[in-house]
Amino acid sequence: QQQVKQSPQSLIVQKGGISIINCAYENTAFDYFPWYQQFPGKGPALLIAIRPDVSEKKEGRFTISFNKSAKQFSLHIMDSQPGDSATYFCCGGDAGNMLTFGGGTRLMVKP
Amino acid sequence: KAGVTQTPRYLIKTRGQQVTLSCSPISGHRSVSWYQQTPGQGLQFLFEYFSETQRNKGNFPGRFSGRQFSNSRSEMNVSTLELGDSALYLCASSWGGGMNTGELFFGEGSRLTVL
């Protein structure tokens, strides 16, 4: 599997601030880029996803920005809340249901 | 609608033993994928089954195997356990038809400890 590199590994943000997580991929066959959110003791849950023909997608406080030429994409969490504290994974997916996960970012939002 | 159910949730085995983990997907979902999650390697794809056939396979040794039944329930088996097999094993289900949608629904996992 081709790698998906994710940074930072951990992130501390004040309540109300903006959380930014960055990812870079190598496999140009990826045609789907979901983000998953995982709380302790739970399985990952789909947060938001984008396809490479779109440069930006927004859902509520969550926005994905996608740069196909640079093979990079990022997640922005606006007005971060303590309830957003979780581990976030970016992924690359190609044909089929096989996802390549980034290493994860542990986000802590301080009240 | 019930979510993805994995059993057992926790288990402890010793080196050399084998283990079987079970996954019941969301009703109507025909694809079941398995992932291994460890602190060092993160989330890694093991295999995917669709309509009782293995459709994709990750880069794991042959000690890791799986199967899917006609009701879409799936099992994975790890034989000759090694200490490095200690991990959270996650099962994910999806409708599975057509091209990748990325929308996998994960269970809470089976945490395997190998002593």
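Our structure's up above, just so we're on the same page.
Residues numbered from 1 in each chain as written. Chains lettered and ligands numbered in written order. Predicted model: local features only at pLDDT ≥ 70, side-chain atom pairs only at ≥ 80, totals over all residues. Heavy atoms only, no water.

## Examining the state of the cysteines
Taken as a whole, this structure holds two disulfides over all chains when the rule is applied. Between the sulfur atoms of cysteine 23 of chain A and its disulfide partner cysteine 90 of chain A the distance amounts to 1.9 Å. Its torsion about the S-S bond being -100°, the disulfide of cysteine 23 of chain A and cysteine 90 of chain A is classed as left-handed. On the criterion of sequence distance, the pair formed by cysteine 23 of chain A in strand S3 (residues 19-25) and cysteine 90 of chain A in strand S9 (residues 86-93) is long-range, its members being 67 residues apart. The same class applies to cysteine 23 of chain A as to cysteine 90 of chain A, namely buried. Here cysteine 23 of chain B engages in a disulfide with cysteine 91 of chain B; their sulfurs sit 1.8 Å apart. Torsion about the S-S bond of the cysteine 23 of chain B and cysteine 91 of chain B cystine: about -60°, corresponding to left-handed handedness. Of this pair, cysteine 23 of chain B sits in strand S3 (residues 19-24) while cysteine 91 of chain B sits in strand S9 (residues 87-94); the two residues are 68 residues apart in sequence, bridging distant segments of the chain. According to the relative accessible area criterion, cysteine 23 of chain B is buried, its value standing at 0%. (Disulfide = S-S within 2.5 Å. Helix = DSSP H or I, 4+ residues; strand = E, 2+ residues; numbered from the N terminus. Buried < 20%, exposed > 50% of the residue type's maximum accessible area, 1.4 Å probe, protein only.)

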